[in-house]
Amino acid sequence: MAAKYTPAPRTGDDSKQKPVRLQTFSGANGLDEEAQRHTDDEGDVDGQTANSTQDKPKLETDLRNLFFDDGKRRIDFILAWTIDHKRPETARQARQVFEENLIKEGLELEYDTRGRDVNFVKVHAPFDVLKRYADILKLRMPMKMTPLPSVGARLWNNTIQLVRKFMVPFHYDETVLPTVSRSYSCPYSSSREYLFEIPENKDEYFSKAIRSWIVDYILRRQSFNVSNSKTFSFGIKKMLSDGFYSAAYPLHEGHWKAGSANNARKVLFDHWANWTNCLKFQPIDYIRFYFGEKIALYFAWLGFYTLMLVPATVVGLAVFFYGLGIMSTNIASKELCDPHNNITMCPLCDARCPYWKLSDACSHAKASRIFDNGATVFFAIFMSLWGTLFLEFWKRKEATIQYKWDLTTFVQEEEPPRPEYLSKLENWQIFKMNPVTGIQEPHLPFWKRRFPIFLASYSIMLFLAAIAVTAVIGVIAYRVSMLAALQLIPQHVSSNSTVVATTAGLIYENASLVTTVTAALINLAIIIILNVIYGHLAFWLTDWECLRTQSEYDNSITIKLFALQFVNYFCSIFYIAFFKGQFVGRPGKYRTIFGGRQEECEAGGCLIELCIQLAIIMVGKQLIQNNFIEIVVPKLIKLVKRKCSKETREQKLAKTPWEKDYILAPAESMSLFYEYLEMVLQFGFLTIFCAAFPLAPLFALLNNIVEIRVDANKFTTHLRRPLAEKSANIGIWYSVLYGISRIAIISNAFIIALTSEFIPRLVYTSRYSPDESLSGYINFTMAYFNTSDFAPSDRPKDIHLGVISMCRYKDFRNPPWEDPEYRRSTAFWHVLAARLAFVVVFENVVVVITSLISWLIPDVPTILKEQIHREAYITNEIVLKTELRRAQGEDLNSLGGAHLSDENLRYSPHHSEDIELKKRSPSTGKSKSGSQIYI
């Protein structure tokens, strides 16, 4: 029977009354009681009551006061509220109704209203409430039976142990975090409680994460409307949106700082989030116990992705060192660098730029050979296969995780409308029945309301994408003008200073490199600025669309932000890869845009410039936008707050755990979104342009090693404890990754065919070279131009090389002495045909191979399928045999769990690595060293 609700005295309208410090209310499964808190907080490290020894229920009371005043009932959730000066009575009534409904559901509440700015409601879920909702939600819970391993399982375990021996240096300390074993499980049923291993202290049966998840489930479904006139005045999210509560969160388990007593949070920090664990594997099961499946799945994916980068890094380094080895020995590079060839090149700009020697581009050409060689094709094919293998193996890994975490049958519950959606449509007159819930909900007609908004929203997105393109055009204009200006250095720099002259000469000789690097840095700055703008506008557009559920909102914002950031990051790279130097024309007849010549590729090709652009944007993004903002900025903010704070040490120590957690940044629902977005964009850098930058996997690997610890540190120390949400997969991000892997195949095919020199070299050696070598290749790629054909306004004014009658330019055209002059030569069409043929062959071969790999690798391992079927069969047999014994009048409780592993069942799992692990580390919750782990 539910206890009568007696509201605790509040601040606000009743602020003149003497505040009551703490008051407790019990629900349907408890009695009314009020406990007085000790007023002496001396020696209390976290606002904890100095209770007597026998009142301390667990080690946690040595860490934090995680219980009600009686020291027995655990705090499962905290509701915080501040004084609403605009509508205090409305807020008070809403909270009163809401909390009365919580008590009717069986939850127990205790208040902390000590006259401060923030007041708190502590929520406890009794075992009977947890049991009832576990039954309703069909939560899978461990059964008593733990079957014996078969011979096949022992062989499998021996293989696992052999592999683990080689990976010992990278494992976390299993004496502190023992391997978590998995027992057979089935949906919880209160009528079949004898199937489950319920401890003597029943409050320990459900983990902290499950307790908070069940409490949140209840909070999201309770009404706070007095008159019931508003159908959608329910749920904690709506109350937070309306400002009736300021925060709702579960408590962290204890302190994480050095010197604190042992607790789950500190163990995770010491053995996971600490920087000393950079090269260690992650304790994913313990992350799941503390933060829930959704966050643990992100870290499992990130860890798996980082591990898969290791072979890509090894191959990328091998390709890079191969390029270094042939850089100086390559015949084409030697020809280009040989000044005796005396090849005079046509000016890089009209009128002002002088003629120049091809040997001046020697360093540029040698650097280009590092990345533009035969190994590039191999690496592009390898990375295409790597992307497919990564996705396929992740599906298998995900299936294993789903089984181990009992998510194979997890179905996302029907989502209620978003509070923001209901607030916007509060006075809406059109309603439609929800076919699932049967509730009349506000409805926006698609063609009259939604379609015009969607059309306008995505039109604005196209405009925002056009801004990124415009920024790239601006950078192109900078490159053209900067390169032309640097070409004039010998004419305008005259100084007696050796330093000035040397510096000017160095800049002139590396004019292309200086222009490329500075342009890339400017482009990176523009990208970072546009990202901030795009982020705000993407959320504004999504809010404008007025989407009904949170999933619809998340998917919409994912598409918008990914599309905008994809265009922003990759627009300039696509330009260099596929458009620069392709449509410039020829000397005397250059194609112009807005009266200016287009950019040309250097003598060594555009691939080195693409590599520089990719490296600066990728590494710059990781260093500035990721690591600096995520590591340095929070520390600076924390330092400023500490300096500005006027609190004494005694005041800080006197704060309660819920007050300390309230100060932490809230764990927003979009926190994981940005982490996934960051990694997916990195995956795009890796795969779409891998042919141009084989070092990309190395930089990604180094970044991810840091990223894992940064994110772990953030969740452990800087954020309130997130709600332990359930999720069976990584959601829409898998589809995005798959789409990127398909785009990468096409992109790399065209990079090799159009941007690199691989195809022209191949055509030359197979058809034009007399000895099938690259000897004479440079001359083969250079066309002739008669300088007398220059228009008077375009003829170079600088003639420091003397009178030049014939200059060269990179193209396949007829010389001036052939008819028709300057037309495309036969070699051009041969090379073009070879390029198109390569694109077709490369794409089809890679697509066929990757599709074959996807077909050959099953999404769920065969051994796992067998285990799932075996578990379902054994579970059913256990239930049948147990029901039979129950019908025969046997006392199941006195039998314990022994009868469940009887030999007459004759079943043993094929996938039971856990049994051998149990032999090494008993399932008592204690590590080998005997220290208790609290999750």
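Attention here is on the structure that accompanies the text. (Residues numbered from 1 in each chain as written. Predicted model: local features only at pLDDT ≥ 70, side-chain atom pairs only at ≥ 80, totals over all residues. Heavy atoms only, no water.)

Within the protein one finds 29 helices and 17 strands. Within the protein, buried positions represent 51% of all 935 residues. Residue pairs at least 24 apart in sequence account for 77% of intrachain contacts in the protein once pairs closer than 6 positions are excluded. (Helix = DSSP H or I, 4+ residues; strand = E, 2+ residues; numbered from the N terminus. Buried < 20%, exposed > 50% of the residue type's maximum accessible area, 1.4 Å probe, protein only. Contact = heavy atoms within 4.5 Å.)

Let us look at the state of the cysteines. Taken as a whole and judged by the stated rule, the model has 2 disulfides. Disulfide pairing is shown between C337 and C362; the S-S distance is 2.0 Å. Linking C337 and C362, the disulfide has an S-S dihedral of approximately 95° and is accordingly described as right-handed. With C337 in helix α9 (residues 331-337) and C362 in helix α10 (residues 362-371), the pair connects residues that are 25 residues apart, well separated along the chain. As far as burial versus exposure is concerned, C337 and C362 are alike and both buried. Covalent S-S linkage joins C346 and C807, the inter-sulfur distance amounting to 2.0 Å. A torsion of 85° about the S-S bond marks the disulfide between C346 and C807 as right-handed. Remark: C807 occurs in strand β17 (residues 806-810) and C346 occurs in the loop between β8 (344-345) and β9 (356-357); sequence separation between them is 461 residues. The residues C346 and C807 share a single accessibility class, namely buried. (Disulfide = S-S within 2.5 Å.)

Nonpolar side chains tend toward joint burial in soluble globular proteins. Membership of the largest hydrophobic core comes to 151 residues, with the highest contact counts inside it found for F299, W301, Y305, W386, F390, W394 and I730. Counting residues per element, this core draws most heavily on helix α8 (residues 293-326), at 16 residues. In this structure, W301 is in contact with F390, W394, Y676, M679, I730 and L737, ignoring residues within four places of it in sequence. By size, the runner-up hydrophobic cluster in this structure holds 49 residues, among which are A94, L109, Y133 and Y184. (Core = buried A, V, L, I, M, F, W, Y, C linked by side-chain atoms within 4.5 Å.)

Looking now at the packing of helix α6 (residues 264-273) against helix α22 (residues 696-718). Each packed pair of helices is defined by two parameters, the angle between the axes and the distance between the axes. Two elements in contact, α6 and α22, have axes separated by 10 Å at closest approach and are oriented at 170°. The angle between α6 and α22 places the two elements in the roughly antiparallel class. Contact residues: α6 offers R265, F269, W272 and A273, while α22 offers I708, R709, A712, N713, T716 and T717. Of the residues contributing to the contact of α6 with α22, the split by class is 5 nonpolar, 3 polar and 2 charged. (Axes fitted to C-alpha atoms, helices over the stretch in contact; angles between N-to-C directions. Parallel < 35°, antiparallel > 145°, perpendicular 65-115°, else oblique. Nonpolar A, V, L, I, M, F, W, Y, C, P; charged D, E, K, R; others polar.)

Tallying each qualifying case throughout the model produces 55 aromatic pairs. Arranged with centres 4.8 Å apart and planes meeting at 75°, the rings of Y290 and F291 form a pair that is edge-to-face. For Y290, a relative accessible area of 1% corresponds to the buried category. Using a relative accessible area of 0% as the deciding quantity, one classes F291 as buried. Consider the rings of F304 and F390, whose centres lie 6.0 Å apart with planes at 20°: the pair is stacked. Linking F304 in helix α8 with F390 in helix α11 (residues 374-404), this pair joins segments that are 86 residues apart in sequence. Taken individually, F304 and F390 each receive the classification buried, so the pair is uniform in this respect. (Phe/Tyr/Trp six-rings, centres within 6.5 Å; stacked < 30°, edge-to-face > 60°.)

Below, the discussion takes up unusual backbone geometry. Between D819 and the following residue, P820, the backbone shows a cis peptide bond with an omega angle of 0°. Within the element layout of this structure, P820 appears in the loop between β17 and α26 (826-856). The backbone phi angle of E772 is positive, close to 60°, even though this residue is not glycine. Relative to the helices and strands, E772 is located in the loop between α24 (758-768) and α25 (777-781). Take E772: its relative accessible area is 64%, and that puts it in the exposed class.

Attention now goes to the pattern of salt bridges. Per the counting criterion, the structure on display carries 28 salt bridges. For E392, the salt bridge identified is with K395, shortest N-O distance 3.4 Å. A residue pair is termed a helical-turn pair when its members lie 3 or 4 positions apart in one helix, as E392 and K395 do in helix α11 at 3 residues. The salt bridge partner of R813 is D811, with a shortest N-O separation of 2.9 Å. Linked through salt bridges whose partners overlap, the residues forming this network are D70, R73 and E108. (Salt bridge = Lys/Arg side-chain N within 4 Å of Asp/Glu carboxyl O.)

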